[in-house]
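# Structural features, examined
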Amino acid sequence: MSTDGTGSAVSTRWELFAVAALLAIPVAIAPGSGGDPTLVSLWGLVNVGPPGSSLGIDIYPVWTYFAAQPRSFGSLPASIRVWPLATAFHLLATISAGSGVAVGREDRRVTGGLLVLAAVASLWVAVGVAGRFGAGTASRWPTVLPVGAVATLTVVVIAYRYDLRAVVIRG
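Any aromatic ring pair is given by two values, namely how distant the centres are and how the planes are angled relative to each other. All chains considered together, the criterion is met by five aromatic pairs. Considering the side-chain rings of Y65 and F66, the 5.4 Å spacing of their centres and the 80° angle between planes classify their relative orientation as edge-to-face. With a centroid separation of 6.3 Å and an interplanar angle of 45°, the aromatic rings of Y65 and W83 are classed as tilted. On the criterion of sequence distance, the pair formed by Y65 in helix α2 (residues 62–68) and W83 in helix α3 (residues 78–103) is long-range, its members being 18 residues apart. Each of the two residues, Y65 as well as W83, counts as buried.

This is how it looks when you write it as structure tokens:
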């Protein structure tokens, strides 16, 4: 049984919705060319407002990036190599929560732990993107916002904190 106060041993539908929604949240928002933002998602890059694109949106899937890359995977920056891991952790957490809702079998500590790993990997990607776009401006405000890591940790704190606390503190 969970120690979250609800007595639920598995994720609720709302928790599954929150975990699945993280798949659509950008990992980072970076400044794009011409002042239009680039959304770095788990699935690729989304440029808002580039000239000549349909509907003002240009999508560059991550698998296209890796397929078109002339360098070997091992020679890419670490933050780029972690990008597929962030996606995998998010997908596995969604599958874990989904199994709790669908068949009543889930270890909420696993779901929460996968989300923590997803947040760390997403933050790593965002920091790497920030290194390429510049870590900040003259006004000291960051130019790359790590929204994915913040959103993921928010879900962890709200939904899975008691389950993860039980891992650290033995009672």
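The structure having been displayed, the exposition proceeds.
With that out of the way, let us pick up the sheet that holds strand β4 (residues 57–61). The strand order across the open sheet built from four strands is β1-β2-β3-β4, with neighbouring strands paired in antiparallel fashion. Edge positions in the sheet fall to β1 (28–31) and β4, since each has one partner strand and no second. For this sheet, the mean angle separating the axes of adjacent strands, direction not counted, is 20°.

Bringing the nonpolar core into the picture now. Ranked by internal contacts, the top residues of the largest apolar core, which has 32 residues, are L115, V125 and Y160. Counting residues per element, the ones that place at least two in this core are β1, α2, α3, α4 (108–133) and α5 (147–168). Ignoring any residue separated from it by four or fewer positions in sequence, one finds L115 in contact with V19, L22, A93, T152, V155, V156 and Y160.

It is worth spelling out the pattern of salt bridges at this point. One pass over the structure, following the stated rule, counts three salt bridges. Of the charged contacts in the structure, one is a salt bridge between E15 and R108, with a shortest N-O distance of 2.7 Å. On the criterion of sequence distance, the pair formed by E15 in helix α1 (residues 13–21) and R108 in helix α4 is long-range, its members being 93 residues apart. Across the pair, exposure class does not vary: E15 and R108 are buried alike. R109 is paired through a salt bridge with D107; the nearest N and O atoms lie 2.8 Å apart. The exposure class of D107 is partly exposed, given its relative accessible area of 31%. Within the structure, one salt-bridge network assembled from shared partners comprises E15, R108 and D163.

Turning to the pairing of strand β2 (residues 37–40), a few remarks are in order. Alternating positions in β2 separate cleanly, T38 and V40 being buried on one face and P37 and L39 remaining unburied on the opposite face. Bridge count between β1 and β2: four bridges; the pairing is antiparallel. Pairing of A30 across the sheet is with T38, part of β2. With three bridges connecting them, β2 and strand β3 (residues 44–48) associate as antiparallel partners. Within the sheet, the bridge partner assigned to T38 lies in β3 and is N47. Hairpin geometry of β2 and β3 is characterised by an intervening segment of three residues between the two adjacent antiparallel strands.

Right, let's get into the packing of α1 against α3. α3 packs onto α1 with a crossing angle of 165° between their chain directions and a minimal axis gap of 9 Å. Here α3 runs roughly antiparallel to α1, going by the angle between their axes. Taken as a pair, α1 and α3 cross one another with a handedness that is left-handed. Together, R13, L16, V19 and A20 of α1 and A93, T94, A97, G98 and V101 of α3 make up the contact between the two elements. Split by residue class, the contact of α1 with α3 holds six nonpolar, two polar and one charged.

Conventions we followed
Residues numbered from 1 in each chain as written. Predicted model: local features only at pLDDT ≥ 70, side-chain atom pairs only at ≥ 80, totals over all residues. Heavy atoms only, no water. Phe/Tyr/Trp six-rings, centres within 6.5 Å; stacked < 30°, edge-to-face > 60°. Helix = DSSP H or I, 4+ residues; strand = E, 2+ residues; numbered from the N terminus. Buried < 20%, exposed > 50% of the residue type's maximum accessible area, 1.4 Å probe, protein only. Pairing = 2+ DSSP bridges. Axes fitted to C-alpha atoms, helices over the stretch in contact; angles between N-to-C directions. Core = buried A, V, L, I, M, F, W, Y, C linked by side-chain atoms within 4.5 Å. Contact = heavy atoms within 4.5 Å. Salt bridge = Lys/Arg side-chain N within 4 Å of Asp/Glu carboxyl O. Parallel < 35°, antiparallel > 145°, perpendicular 65-115°, else oblique. Left-handed = near helix turned anticlockwise from the far one by under 90°. Nonpolar A, V, L, I, M, F, W, Y, C, P; charged D, E, K, R; others polar.

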